[in-house]
Structures are given as C-alpha cells and as structure tokens.
Amino acid sequence: MKPLSGLKVLELARILAGPWAGQILADLGATVVKVERPGSGDDTRGWGPPFIGDAAAYFHACNRGKTSVAIDMTTPEGQAAIRERAAESDVLIENFKVGGLRRYGLDYESLKAINPRLIYVSITGFGQDGPYAQRAGYDYIIQGMSGLMDITGDPDGEPQKVGVAVVDVFTGVYTSTAVLAALRQRDTTGEGCHIDMALFDVATAMLANQAMNYLASGASPTRMGNAHPNIAPYQVFAVKDGHVIVAVGNDHQFLRFCDALEADYVAQNPAYATNAGRVAARHQLQAELEPFLRNMTRADLLSGLETAGVPAGPINRIEDVFKDPQIVHRGMRLEIDGIPGVASPIVMNGVRMNAETASPKLEDKA
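Below, the structure is looked at part by part. (Residues numbered from 1 in each chain as written. Predicted model: local features only at pLDDT ≥ 70, side-chain atom pairs only at ≥ 80, totals over all residues. Heavy atoms only, no water.)

### Notes on the sheet that holds strand S11 (residues 312–314)
Taken in spatial order, the three strands make up an open sheet running S9-S10-S11, and their pairing is antiparallel. Single-partner strands in this sheet number two, and they are strand S9 (234–239) and S11. Across this sheet, the average inter-strand angle for adjacent strands is 30°, counted without regard to direction. Where S9 lies against strand S10 (residues 242–247), six bridges are found, and the strand directions are antiparallel. Its bridge partner lying in S10, Ala238 is registered against His243. (Pairing = 2+ DSSP bridges. Helix = DSSP H or I, 4+ residues; strand = E, 2+ residues; numbered from the N terminus. Axes fitted to C-alpha atoms, helices over the stretch in contact; angles between N-to-C directions.)

### Some details on the nonpolar core
Membership of the largest hydrophobic core comes to 33 residues, with the highest contact counts inside it found for Val9, Val91, Ile93, Ile119, Val121, Val167 and Ile195. Looking at this core, the elements with two or more residues in it are helix H1 (17–27), strand S6 (91–94), strand S7 (119–124), helix H6 (166–189), strand S8 (193–198) and helix H7 (199–205). Setting aside residues up to four positions removed in sequence, Ile119 forms contacts with Asp90, Val91, Leu92, Val179, Ala182, Leu183, Gly192, Cys193 and Ile195. Val244, Tyr272, Ala281 and Leu305 belong to the second largest nonpolar core, which has 21 residues in total. (Core = buried A, V, L, I, M, F, W, Y, C linked by side-chain atoms within 4.5 Å. Buried < 20%, exposed > 50% of the residue type's maximum accessible area, 1.4 Å probe, protein only. Contact = heavy atoms within 4.5 Å.)

### Some thoughts on the pairing of strand S1 (residues 8–12)
A large share of S1 lies buried, amounting to four of its five residues. Where S1 and strand S2 (residues 31–36) come together, four bridges link them in parallel fashion. Bridged to Glu11 within S2 is Lys34. In this view, the connection linking S1 to its parallel neighbour S2 by way of H1 has right-handed handedness. As paired strands, S1 and S6 are joined by four bridges and run parallel to one another. Paired with Leu10 across the strands is Leu92, a residue of S6. (Right-handed = clockwise from strand over helix to strand, strands pointing away.)

### Observations concerning unusual backbone geometry
Residue Pro49 is joined to Pro50 through a cis peptide bond whose omega torsion reads 5°. With respect to the element layout, Pro50 can be found in the loop between S2 and strand S3 (51–52). For the bond from Ala232 to Pro233, the omega torsion is -10°, close enough to zero to count as cis. Tracing the chain through its elements places Pro233 in the loop between helix H8 (208–217) and S9. Of note in the backbone geometry, Ile15 takes a positive phi value of approximately 70° without being a glycine. Within the fold, Ile15 resides in the loop between S1 and H1.

Structure below.
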C-alpha cells in the first residue's frame, strides 16, 4: 500500500503548477480527480505537437495517475457536482484568479462550511493579497520579475529563462510539501486549512544562495554564464571534441584537478590556494587552465577526473539522458498503458512511487 492510499484529491487546476502537485500526490497513492472544462479540457491537451493519442505530450507530462471528469462549473448543476465531490475530499487544488471561484460558491469559506476537514490549496501568480494579487501570473513572467532571468545566461547576452517552466514545477513541489504538512496538522487539530501558494514567492525562495549573496553584500548578482558566483573553478570548459562541466568543490579537489591535468605550476600558485582566492582570480585561473583542457578529449578528461575523484560530467542532450546507463538502471523512463513518461524521483523502501495509470482521457460529467 502506498503512503497516501485512501487520500482523496479534487483538482480544479490546469496548465502545470497545480497539475504537477496533483501528479506527485497521485504517484504517492492518492486518488486524484481532475475537473476539466467540457469539450476542450485542460489547456495543455492542445499544447502540441507532439501529441500522444488525443492529447499533447505536455498534458501527459503532468497528469499521470488521475481520473478526469468534465464539469461546467458556471452552471448550478456543475457547482452542485463540485460541492458534492468537495464534501468527500481531503484536498482541493485550484489555480483560478483570486476570488474567481467565489462567484460560483466554490471558494474556501464556502466549501469549508460543508467540509471543515478540507485542505484547500490556492495557486496564483502573486498570492491572495498584496498589490499584485489580481494579476495573472505566468511562469515566464515570474522568472523575469523574480530576478531569475537576470542571473541566467551569458553576461554579454540578453537575460535567459530556464529551459523548463521551473517556477511552475517548483511551485508544484512546494505545494505537495505544504499539503503533507497540512495533513499532519489535521491529524492533530481535526481541521483543514487554506494554503496560499504564489509563483512569485516560490521564485524568490528559489534564488537560494544568490539571494543571500545580495542580502549579505548589498551587491546585486549578475549573469555569469556557466560560472558559479561562489566557487571556482566550477564551470564549463571547452575540450578537443566538445565541452565538459568541472565542479571543483574544495581545495583538495582543486589540487587533484590540477594533478589530473599535469598542471603543477597552477596548483602551486599561492593565489589559488583557497576557494576565496580562486574566486577573486577566476579569470586568470581560467586562462591558465584552458590550454591543458583544449588538448584533451571529453572521454579522456572525464575518465581521468573520475579516477582522481574530481566531480565532472558531460553536457547531454535530452536524447542522451534517456540512454544514460544510470537513468536506464534507475528506471526513470516509464510506459503506462502505451504512453511514455518520466518516473517519479521518489523511492521508498526500494519502491519507486509511480502512479499505476496513465494520464486520463477527458470524460463526460459524472
């Protein structure tokens, strides 16, 4: 039996952040019912090509393990159907604009009255209050507003978004964590709660060490390409047949890195004896290391650094990832009911927490 077996989740969410949270809960064993618009369903069903069956691959990426029901919540009959399901649910996830469900009598206070144990999750761009609360929020815009794009990309180029809607995905992960905490709290109090998740909050939290770099120094971080603001050498290097990531995390690894390159004079330079010194002289250090690396093949360098115990890795295409022997061994590629997918990263007692059914077809009201 999976950890969340018996948990009932009602998902009134579309696109990515809310469905991602719902999929995590489904992988862990929850029964997740996805409420969709009659006719077209979740917007992402049409976000292709590519398509798998009658839905885009995008939809399949975040709706595994759910059942679907098409309900028109603008009608009294649809509202009654949702209230009936909410009365029997443990968790409800919605991502409408602030106040958007109140006009249908499906807001937190209305549903709390019929199910005080309900954990009601609202996912919005900017949260339930504040000067931006009424704005629509999209991952791309939030990546820009949060500063994430300003620290991503080449220093001489334009700001860059991350290649995946990473704020939506992180919001889904944070949401599932919040739901589990709320369930634990309900075990103690017997009451549900309203969880307020904002993409802008999540993106700001994601800044991690870069935010702390600013708060500690007063200097706003800038784009550094593939370099690390706090560690050196921790970057991409060109080799004879491509590029390699080298991630030197401490002084001992730096000495082993230089030894593997037969760059003794670099290792012996007192300016590079500590990480702080290497960060201060990062450009000079890079210029001294590059000639050694340009004459090595990717395979030879990676092999030598693995032997030396220096963290390094290739830059794979996504095609390469699913051929990687470690990913193959770990079973990260799924196929359920003929639909391919990416497995859950959660493994408990040796069992990977994957839902047992594929993403659902759009069903009529039931």
